[in-house]
Amino acid sequence: MVCNKCGKQLADHAKFCDGCGAAINNEPQTENTAPAAKNEDQDNKVIFVLSYLGILFFLPLVACPNSKVGRFHANQSLVLLITAVGGQIVLSIISAILWQLWIVMSLVSSLWGLALFALMIIGMVNAYKGEQKPLPIIGNISILK
């Protein structure tokens, strides 16, 4: 018998898991797939982190196409990439129009870059921790389903 919570192998008559302390229902079970899926996501953690490096958003889709966690991080990094490109286009157009204010536009452009860098680091930390927390401001946008 296998614990539903932690995946530890247990004796057939166990009432509680001696690994995590969870109550065990004594119904016959096949191998639990939840711990295997969790282990797969832990094995692909580096791929999820690397997906936040701009154009590499597709890595989780190729390396682990059936992973919901991989699809989540691929979506977050794709939204971040589109936001970065779109924002840079808008800033370039505004800079061309307001070329006399190049100092101000240079400052705004630098702040935009820092904001994107912060979002990238937040996404990487979430991926490394195995969390599926959406990025601030742009995280609720869903492109990949």
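Residues numbered from 1 in each chain as written. Predicted model: local features only at pLDDT ≥ 70, side-chain atom pairs only at ≥ 80, totals over all residues. Heavy atoms only, no water.

S.K.: Help me understand the packing of aromatic side chains in this model?
M.R.: Two numbers describe a pair of aromatic rings. These are the distance of the centres and the angle of the planes. Evaluation of the coordinates by the stated rule reveals one aromatic pair. Each ring, one from Phe57 and one from Phe58, has its centre 6.1 Å from the other, and the planes form 85°; the classification is edge-to-face. What makes Phe57 buried here is its relative accessible area of 18%. Against the face of Tyr128 rests Lys45, its NZ or CZ located 4.5 Å from the ring centre. (Phe/Tyr/Trp six-rings, centres within 6.5 Å; stacked < 30°, edge-to-face > 60°. Buried < 20%, exposed > 50% of the residue type's maximum accessible area, 1.4 Å probe, protein only. Lys NZ or Arg CZ within 6 Å of the ring centre and 35° of its normal.)

S.K.: Please clarify how the environment of Asp18 should be interpreted in this entry.
M.R.: On the secondary structure map, Asp18 appears in the segment before α1 (34-43). You can call Asp18 exposed: its relative accessible area is 62%. Along the backbone, Asp18 and Leu56 are 38 residues apart, and their C-alpha atoms lie at a distance of 42 Å. Setting aside residues up to four positions removed in sequence, Asp18 forms contacts with Lys8 and Leu10. (Helix = DSSP H or I, 4+ residues; strand = E, 2+ residues; numbered from the N terminus. Contact = heavy atoms within 4.5 Å.)

S.K.: Looking at this model, I keep getting lost on the UniProt feature "transmembrane region" (unreviewed entry) in the protein chain. Mind explaining?
M.R.: Using the residue numbers shown here, the UniProt feature "transmembrane region" (unreviewed entry) corresponds to residues 46-66, 78-103 and 109-128. Across residues 78-103 one finds 85% helix and 0% strand; the C-alpha atoms that close the span lie 31 Å apart. Between the C-alpha atoms that bound residues 109-128 the distance is 29 Å, and the span itself is 100% helix and 0% strand. (UniProt positions renumbered as here; feature names shortened; annotations may be inferred.)

S.K.: Mind showing me how you'd approach the UniProt feature "domain: Zinc-ribbon" (unreviewed entry) in the protein chain here?
M.R.: According to UniProt, the feature "domain: Zinc-ribbon" (unreviewed entry) maps to residues 3-23 in the numbering used here. Segment residues 3-23 splits into 0% helix and 0% strand. End C-alpha atoms: 9 Å apart.

S.K.: Would you mind showing me how to read the environment of Ala22 here?
M.R.: Following the sequence through the fold, Ala22 ends up in the segment before α1. Spatially, the C-alpha atom of Ala22 lies 6.8 Å from that of Lys5, the residues being 17 residues apart in sequence. With residues near it in sequence (within four places) discarded, Ala22 still touches Cys3, Lys5, Lys15, Phe16 and Cys17.

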